[in-house]
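# Observations on the model geometry
Here's the letter readout for the chains.
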Amino acid sequence: MFKKSLAALAFAALLHSPLLAQNNATPTYRFSLDLTQVKDDKLQVTLITPDFKEDEVLYHMPKMVPGTYAVYDFGKFVSEFAAYDKKGKKLSVERLDQNTWKIKKAKKLARLTYLVDDTWDTPKKEDIVFEPAATDIEEGKVFLINTHGFFGYFANRSKEPYQITVTKPQDFYGATPLRTTNSTATSDTYLLQNYNDLVDAPMLYSRPDTAMLKVGNAEVLISTYAGGGGARSKNLAQGIQTILEAQKNYLGGKLPVDKYAFLIYIDNKQNRTGSYGALEHSYSSVYYFPEMPPSMLAEQVRNIAAHEFFHIVTPLNIHSEEIGNFDFSNPKMSKHLWMYEGVTEYFAHHVQVNQRLEELPDFLSELRSKIVASQQQYNDALAFTELSLGALDKHEKQYGNVYQKGALIGMALDIRLRELSGGKYGIRNLMNDLSQTYGKDKSFKDEELFDKITALTYPEIRDFFKRYVEGTEQLPYAELFQKVGITYKPSGLQKRISLGKPTIGYDQASGHLIIASTENLNSFGRQMGYKAGDQLWQINGEDVKLSNATELINKHVLHGKEGSPLTIVVGRKDASGTVKPVELKANLVAADETVSHLLTPDPNATPAQLALRQAWLYSNL
């Protein structure tokens, strides 16, 4: 699960083919869901049940699902649960907890019905679900059907086949990684091998806004719902195509899936979590974004898609028994989040420098930001295996470090492997070998992975895991980067173009970003002439809003050329207290700034260091 804070705008799997083989037996579960019958933002789920020999059976909704690393208790959103026999007579039902119902006289059971409320509008703060894992029911507009929020399973029978029939408005399209077994203008039917596959198959029903891509051997669907209207998919497809082509090449020229779906929800209302991002699945990913400028949205989709799509490597093809046999009622965590999320996040950035989508300074800047975050926002001394095992409870607040230090562990392991192999073998080779060793249908034992990786690579790698992943030692950044001709300094001076170091704040009354303080202005800031209380109205002729400030500052300032003109229009109070426009002008100047965790290419790097850097950054698989 990839998650970003909305505050940042002012400055986030399972295992089998998603289609049940046609010659399999009649499905055990036969669910139906009618999108044309919404009642108070609720939908009724109907299940024609299998035959039972037991007197009592338990029906479960999931406590959590893979990829979320959070307990959501999806049974919270179920009401009016009822069981019936073949004659339509109600059977006795007892609710044991939030996610479990006991059905008595189960030998007579023929049908279950219950209502599902969407998680989007839950009144309780503690019940809020991160939107890409959530459900949304908006009659006549959109239905985000994360299947774990609608469908459950009987105890000890989650491995049996499912049939799902969705009745839809005639002008709606169901976007999903699944292939229908039967489809008409008003209904779609899907068959799946088991509950794992069902949870792995989200659906987005709305009026169609789609685009199709062909990337290598894979067909890729982009389907978008935008609350504010307008077609978005074709524009977003351009950026997605670029990163997927790069990922295909990065993975050796072929993708390990033949069909994939991007399901993208763009909201025009304030959301409840204050975050945006995505949730990965084996053959799809679900994205949630607020409205933002098209170029900014395209960049966000591209960057997050780079992470989510790489989950086709792990955990799709490399996973522990905790994931391969996921317990939806009593989930158990693996200790290898360094690989599932950390290596995936490292790949998402490494692919961009490897495939020449970004330059070395940009890549080093990303690594630097992860070092800063891992040490300033999280407990860098917490053993990463311990963090992983406690991600649901004891170390819940440390989970975000999987995208920071987890990625840095991937980087460090990559450099170490390249060093030991003379540049010939890196972490992509390792992931490929692990995929060949295990694959989507074979899980590894959690406690055996480090030894297996050591057997596949070098004895020294066991010591790496012992010290830096199982242990509490800080990653040796200076030593690691020195091997590839990069100088690391805990702090140092760097020439940087900036706004001039005013302190930026937000004035809720006016709805504008403001100059909150001028105490730390550098010479360029003083030349611009900022004053405390100035409202930021325009940068180089473009209106500044909370939602696009980062984009405009990056475009016109941080990525601007030294010596180019910068014009900022501010709203400033005159002597009478009236806010009037004032134009501030100066040419951009790079100034020395003290930067923590400074990373710079060493101009005196040896040929051996340069060769290892070349292998680390630019080698093919």
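Shown above is the structure to which this text applies.
These figures come from a predicted structure and were not determined experimentally. (Residues numbered from 1 in each chain as written. Predicted model: local features only at pLDDT ≥ 70, side-chain atom pairs only at ≥ 80, totals over all residues. Heavy atoms only, no water.)

### Topic: the overall build of the chain
The cut-off we apply is this: The helix count covers DSSP runs of H or I at least four residues long, the strand count covers runs of E at least two residues long, and both are numbered beginning at the N terminus. Taken over C-alpha atoms, the radius of gyration is set against a globule rule of 2.2 Å times the number of residues to the power 0.38. Only protein chains enter the calculation, and the probe is 1.4 Å; a residue is then buried if its accessible area is under 20% of its type maximum, exposed if over 50%, and partly exposed in between. Surface accessibility in these figures is a Shrake-Rupley result with a 1.4 Å probe; residues are shielded only by whichever protein chains are displayed.
Across its full length, the chain holds 15 helices and 30 strands. Here the C-alpha atoms of the chain give a radius of gyration of 26 Å, agreeing with the 25 Å that 2.2 N^0.38 yields for 621 residues. The buried share of the chain, taken over its 621 residues, is 59%. Element-wise, carbon and sulfur atoms account for 47% of the exposed surface of the chain, whose accessible area totals about 25,700 Å².

### Some details on the pattern of salt bridges
To keep it simple, the criterion reads: For salt bridges, the criterion is a side-chain nitrogen of Lys or Arg within 4 Å of an Asp or Glu carboxyl oxygen.
This structure, assessed with the given rule, holds 30 salt bridges. The partner of Asp-188 in a salt bridge is Lys-168, with the nearest N and O atoms 3.3 Å apart. Of this pair, Asp-188 sits in strand β16 (residues 187-192) while Lys-168 sits in the loop between β13 (162-167) and β14 (173-175), and the two are 20 residues apart along the sequence. Residue Lys-168 is classed as buried on the basis of its relative accessible area of 7%. Because the salt bridges share partners, they merge into one network encompassing Arg-416, Glu-419, Glu-479 and Lys-483.

### Considering unusual backbone geometry
Of note in this structure, Asn-156 is not a glycine but carries a positive phi near 65°. Relative to the helices and strands, Asn-156 is located in the loop between β12 (153-154) and β13. A relative accessible area of 83% places Asn-156 in the exposed class. The backbone of His-597 shows a phi angle near 55°, a positive value even though the residue is not glycine. Using a relative accessible area of 9% as the deciding quantity, one classes His-597 as buried.

### With respect to a positive patch on the surface
Cut-off, in case you're wondering: Like charges are joined within 9 Å and nonpolar side chains (Val, Leu, Ile, Met, Phe, Trp, Tyr) within 5 Å, but only among residues with over 30% relative accessible area and no salt bridge; these make up the patches. The charge count treats Lys and Arg as positive and Asp and Glu as negative. His and the chain ends do not count. To locate a charge, take NZ of a lysine, CZ of an arginine, CG of an aspartate or CD of a glutamate.
A surface patch of positive charge is lined by Lys-87, Lys-89, Lys-105 and Lys-108. Among the residues examined, Lys-89 registers a relative accessible area of 58% and is labelled exposed.

### Remarks on the sheet that holds β13
Selection criterion: Only strands that DSSP links by at least two bridges are regarded as paired with each other.
The mixed open sheet is built from eight strands, whose spatial order is β6-β5-β9-β3-β2-β13-β16-β15. In this open sheet, the two strands that pair with only one neighbour each are β6 (90-91) and β15 (182-183). Of the pairings in the sheet, the one linking strand β5 (residues 78-85) to β6 comprises two bridges and is antiparallel in character. Pairing of Ala-83 across the sheet is with Leu-91, part of β6.

### Here we look at the packing of helix α5 (residues 337-354) against helix α15 (residues 607-618)
Spelled out, the test is: Comment: axis = line fitted to C-alpha atoms, over the contacting stretch for helices; angle = value between 0 and 180 degrees taken between N-to-C directions. By the definition adopted for this analysis, an angle is roughly parallel if under 35 degrees, roughly antiparallel if over 145, roughly perpendicular if from 65 to 115, and oblique otherwise. Note on contacts: a residue pair is in contact if any heavy atoms of the two residues lie within 4.5 Å. Nonpolar residues are Ala, Val, Leu, Ile, Met, Phe, Trp, Tyr, Cys and Pro. Charged residues are Asp, Glu, Lys and Arg, and all others, Gly as well, are polar.
As a packed pair, α5 and α15 sit with axes 8 Å apart at the nearest point and diverge in direction by 115°. Between α5 and α15, the crossing angle belongs to the class labelled roughly perpendicular. Taking contact as the criterion, the partners of Tyr-346, His-350, Val-353 and Asn-354 in α5 are, on α15, Trp-616, Leu-617 and Tyr-618. Looking at the contact of α5 with α15, its residues break down into five nonpolar, two polar and no charged.

### Some words on the nonpolar core
We count it as follows: Working definition of a nonpolar core: buried Ala, Val, Leu, Ile, Met, Phe, Trp, Tyr and Cys residues. They are joined through side-chain atoms within 4.5 Å.
Counting 168 residues, the largest nonpolar core has Tyr-59, Phe-262 and Trp-338 as the members making the most contacts within it. Here this core gets 10 residues from one element, more than from any other, and that element is α5. Excluding residues within four positions of it along the chain, Phe-262 makes contact with Val-220, Leu-221, Ile-222, Ser-223, Ile-240, Leu-244, Ser-285, Tyr-287, Ala-305 and Phe-309. Ranked by size, the runner-up nonpolar core spans 22 residues in total, among them Val-544, Ala-549, Ile-553 and Val-557.

### Section: helix α3 (residues 294-309)
Threshold: Residue count minus one, scaled by 1.5 Å, sets the expected span of a helix.
Taking 1.5 Å of rise per residue, the 16 residues of α3 would be expected to cover 22 Å, and the 21 Å separating its terminal C-alpha atoms lies within 8% of that figure. Those residues of α3 that sit buried are Met-296, Leu-297, Gln-300, Val-301, Ile-304, Ala-305, Ala-306, His-307, Glu-308 and Phe-309.

### Observations regarding the sheet that holds strand β17 (residues 203-206)
A sheet is described by the order of its strands in space; here four strands give the open sequence β10-β11-β17-β14, paired in antiparallel fashion. Every other strand in the sheet has two partners, leaving β10 (136-138) and β14 as the edge strands with one partner each. For this sheet, the mean angle separating the axes of adjacent strands, direction not counted, is 15°. As judged from the four bridges shared by strand β11 (residues 142-145) and β17, these two strands associate in the antiparallel manner. In the sheet register, Val-142 faces β17, and the bridge partner there is Ser-206.

### With respect to the side chain of Gln-352
Stated precisely, the cut-off is as follows: In protein, a polar contact means a hydrogen-donor-capable atom and an acceptor-capable atom, both N or O and within 3.5 Å, with residues adjacent in sequence counting only if both atoms are side-chain atoms; elsewhere, any N or O pair within 3.5 Å suffices.
Mapped onto the secondary structure, Gln-352 falls in helix α5. For Gln-352, a relative accessible area of 3% gives the class buried. Separated by 3.1 Å, the side chain of Gln-352 and the backbone oxygen of Ala-348 make a polar contact. Contact partners of Gln-352, with chain neighbours within four places excluded, come to Ile-243, Arg-302, Asn-303, Ala-306, Leu-357 and Glu-358.

### Some words on the packing of aromatic side chains
Going by this rule: Note on aromatic contacts: the rings of Phe and Tyr and the six-membered ring of Trp form a pair at centre separations within 6.5 Å, being stacked when their planes are under 30 degrees apart, edge-to-face when over 60 apart, and tilted otherwise. Lysine NZ or arginine CZ positioned within 6 Å of the ring centre and within 35 degrees of the ring normal marks a charge as sitting over the ring.
According to the stated counting rule, one finds 44 aromatic pairs in the structure shown. Judged by centre distance (6.3 Å) and plane angle (0°), the rings of Tyr-29 and Phe-31 are stacked. Residue classification places Tyr-29 among the buried positions, given a relative accessible area of 0%. Where Trp-338 meets Phe-450, the ring centres are 6.2 Å apart and the plane angle is 25°; that geometry is what we call stacked. Of the two residues, Trp-338 is situated in helix α5 and Phe-450 in helix α10 (residues 449-456); the sequence distance between them amounts to 112 residues. Judged by its relative accessible area of 0%, Trp-338 is buried. On the basis of relative accessibility, which here comes to 1%, the residue Phe-450 falls in the buried class. The lysine or arginine in question, Arg-356, covers the ring of Tyr-618, its NZ or CZ lying 3.8 Å from the ring centre. A cation over a ring is seen here: Arg-428 above Tyr-250, with NZ or CZ 4.2 Å from the ring centre.

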